[in-house]
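Architecture at a glance
So you can see what is in the structure, the chains are spelled out below.
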Amino acid sequence: MNEDERLPLEQQITLVELVDRVLNKGVVLSGDVVLSVAGIDLVYVGLRVLLASVGTLERLNSNPAMTASAL
Amino acid sequence: MIHVYAIVEASEALPSGSGLGGAAVEGYDLDGIQAIVSRHEGTRIEPTETALLEHAEVVEAAMAETGAILPARFGRGLADERDLDDLLRSRHGELTRGLEQVRGCVELGVRILAPGPAVSASDNGAATGTEYMQTRLAELARAEEVAHEIHDLLAEGARESARPDVGSGEFLLSSAYLVPRGDVDRFRGHVRSVENSYPQLVVVCTGPWPPYSFAAIAASDHERA
């Protein structure tokens, strides 16, 4: 894998990591977390889509044989 | 309402820049510790992606000014200054200890993508679908063993590690390591050597982050690796 391909993957994972930290890590100081809030579900849905695409793309990139048989 | 970004020591400078929705960032001191907060109209702030990023930016900026920071989880907020004062008073001891534990350290995240299936049933030598599934399950079990090995290896180079998340979702390993600022390059070197040892895996190291994954651990003092 060359650097050009790696950068978007790292950026995507960085976004996932950031949201995960802000929502799920960190010390709980002000009430419970915001799981009940509708906006959060949207953020999570977005992340799941992102994760699925990260995983799929990476596999296709790293395994050309799979590309041939899967497509 | 009052939104809390992080806890630092009272002597630390406030981060420059604004908070959620452009609100001014303030410090609220109590007996040696300081909450970094902003004040808002209304009863709560929706945790939109923009709000989460703004929260994270304030925490990052605060980290740049300080030797020890406990990032706050994005919460519902506190009603008023009295609630904030009560919070800092009632949890003063654990927050002070938490600051000590993360002093001088940053957090590095490691994610390893789960390996894809071995091409197809015919290519992995399986004669039937059942054999293929058995081979695939064995591969995944082996991969999870490798994930634990990698975690243990990386944890040796860190001051502390969070409990690793192995084999859930798209990732074979999601984990976080608390590393002294001066050791970040060395830790990244460990990650690179892991990557070289397991060329079939895609390893991504993120950070340095404020120590989110260790703020809760430090403050409540459980699940230490």
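Presented here is a report on the structure given in the accompanying data block. (Residues numbered from 1 in each chain as written. Chains lettered and ligands numbered in written order. Predicted model: local features only at pLDDT ≥ 70, side-chain atom pairs only at ≥ 80, totals over all residues. Heavy atoms only, no water.)

Here's the deal with the overall build of chain B
Selection rule: In this description a helix means any DSSP run of H or I spanning at least four residues, a strand means any run of E spanning at least two, and both kinds are numbered starting from the N terminus. We call a residue buried when its accessible area falls under 20% of the maximum for its residue type, exposed when it is over 50%, and partly exposed in between, using a 1.4 Å probe and counting protein chains only. What sets the accessible areas is the Shrake-Rupley method with a 1.4 Å probe; for residues, cover comes only from the shown protein chains. Two residue types count as positive, namely Lys and Arg, and two as negative, namely Asp and Glu; His and chain ends fall outside the count. Charged side chains are reduced to one point each, which is NZ for Lys, CZ for Arg, CG for Asp and CD for Glu.
A tally of regular secondary structure across chain B gives six helices and nine strands. Taken along its principal axes, the extent of the C-alpha atoms in chain B is 70 × 35 × 30 Å. Within chain B, the fraction of its 225 residues that count as buried is 50%. Accessible surface, chain B: about 10,100 Å² in total, of which carbon and sulfur atoms supply 48%. Of note, chain B has its 19 positive side-chain charges centred 3 Å away from the centre of its 36 negative side-chain charges.

A few points about the packing of aromatic side chains
All names here are of chain B. Heads up, the rule is: Here a Phe, Tyr or Trp ring, Trp counted by its six-membered ring, pairs with any other such ring whose centre lies within 6.5 Å, and the pair is stacked when the planes are under 30 degrees apart, edge-to-face when over 60, and tilted otherwise. Two conditions define a charge sitting above a ring: the NZ of Lys or the CZ of Arg must be within 6 Å of the ring centre, and it must be within 35 degrees of the ring normal.
By the definition in use, this model includes one aromatic pair over all chains. Judged by centre distance (5.2 Å) and plane angle (40 degrees), the rings of Y177 and F187 are tilted. Here Y177, found in strand 8 (residues 171-180), pairs with F187, found in helix 5 (residues 184-197); they are 10 residues apart in sequence, far enough to count as distant. Comparing Y177 with F187, the two get one shared label, buried. Its end group placed over the ring of F171, R111 keeps NZ or CZ at 4.8 Å from the ring centre.

Quick notes on helix 4 (residues 129-156) of chain B
The criterion, for reference: Given a helix with a known number of residues, its expected span is that number minus one, times 1.5 Å.
Across its 28 residues, helix 4 of chain B extends 41 Å between first and last C-alpha, which sits within 8% of the 40 Å expected from 1.5 Å per residue. When we look at burial in helix 4 of chain B, the residues that qualify are B:Y132, B:R136, B:A143, B:V146, B:A147, B:I150, B:H151 and B:L154.

Regarding the packing of helix 4 of chain B against helix 5 of chain B
All names here are of chain B. Where we set the bar: Lines are fitted to the C-alpha atoms to define the axes, a helix being fitted only along its stretch in contact, and any angle between axes, read from their N-to-C directions, falls within 0 to 180 degrees. Our angle categories are set so that under 35 degrees counts as roughly parallel, over 145 as roughly antiparallel, 65 to 115 as roughly perpendicular, and the remainder as oblique. Crossing handedness follows the turn of the near helix against the far one: under a right angle anticlockwise gives a left-handed crossing, and clockwise gives a right-handed one. By definition in these notes, contact holds between two residues if any of their heavy atoms fall within 4.5 Å. In this count, Pro and Cys sit with the nonpolar residues alongside Ala, Val, Leu, Ile, Met, Phe, Trp and Tyr, while Asp, Glu, Lys and Arg are called charged and the others, Gly among them, polar.
Where helix 4 meets helix 5, the closest approach of the two axes is 10 Å, and the angle between their N-to-C directions is 155 degrees. Considering the angle they form, helix 4 stands roughly antiparallel to helix 5. Where helix 4 crosses over helix 5, the handedness of that crossing is right-handed. Seen from helix 4, the contacting residues are I150, L153 and L154; seen from helix 5, they are F187, H190, V191 and V194. Its residues placed into classes, the contact of helix 4 with helix 5 shows six nonpolar, one polar and no charged.

As for the side chain of B:Q34
Residues and elements named next belong to chain B. Cut-off, in case you're wondering: A 3.5 Å cut-off defines polar contacts: any pair of N or O atoms within that distance qualifies, except that in protein one atom must be a possible hydrogen donor and the other a possible acceptor, and neighbouring residues in sequence count only when both atoms are side-chain atoms.
Locating Q34 in the fold gives a position in strand 3 (residues 33-39). Residue Q34 is classed as buried on the basis of its relative accessible area, which comes to 5%. There is a polar contact of 3.2 Å between the side chain of Q34 and the backbone oxygen of E12. Aside from chain neighbours lying at most four places away, what touches Q34 is A6, I7, V8, E9, A10, E12, L14, G27, Y28 and D29.

Overview of the pairing of strand 7 (residues 165-168) of chain B
Successive residues of a regular strand alternate their side chains across the two faces of the sheet. Residues and elements named next belong to chain B. Here is the rule we go by: Pairing between strands requires that DSSP locate at least two bridges from one strand to the other.
Strand direction decides the pairing type here: strand 7 and strand 8, joined by three bridges, are antiparallel. The residue of strand 8 that forms the bridge with V166 is L173. Counting the residues between successive antiparallel strands, the hairpin from strand 7 to strand 8 contains two residues, one of them, G169, with a positive phi of roughly 65 degrees.

Quick notes on the pattern of salt bridges
Close approach of charged atoms lets side chains of opposite charge pair. Threshold: Every case where a carboxyl oxygen of Asp or Glu lies within 4 Å of a side-chain nitrogen of Lys or Arg is listed as a salt bridge.
This model, assessed by the stated rule, comprises 15 salt bridges over all chains. The closest approach of N and O atoms between B:E145 and B:R142, which form a salt bridge, is 3.1 Å. Taken together, the positions of B:E145 and B:R142, both in helix 4 and three residues apart, correspond to about one turn of that helix. Take B:R142: its relative accessible area is 43%, and that puts it in the partly exposed class. Ionic contacts of the salt-bridge type, sharing partners, join the residues A:E17, A:D20, A:R21, A:K25, B:E107 and B:R111 into one network.

Thoughts on the state of the cysteines
All names here are of chain B. To keep things clear, this is the line we draw: Cysteine sulfur atoms are paired as a disulfide whenever they come within 2.5 Å of each other.
Applying the stated rule across the entire model yields zero disulfides over all chains. Not engaged in a disulfide, the cysteine C105 finds its nearest cysteine sulfur in C205; these two sulfurs lie 15 Å apart. A relative accessible area of 4% places C105 in the buried class. A relative accessible area of 12% means that C205 is categorised as buried.

Remarks on the pairing of strand 5 (residues 105-113) of chain B
Residue and element names in this part refer to chain B. Counted residue by residue, strand 5 has nine buried out of nine residues, so it is predominantly covered. Alternating residues of strand 5 divide into C105, E107, G109, R111 and L113 and V106, L108, V110 and I112, and every residue in both groups is buried. With nine bridges joining them, strand 5 and strand 8 adopt antiparallel strand pairing. When the bridges of strand 8 are listed, L113 appears paired with F171.

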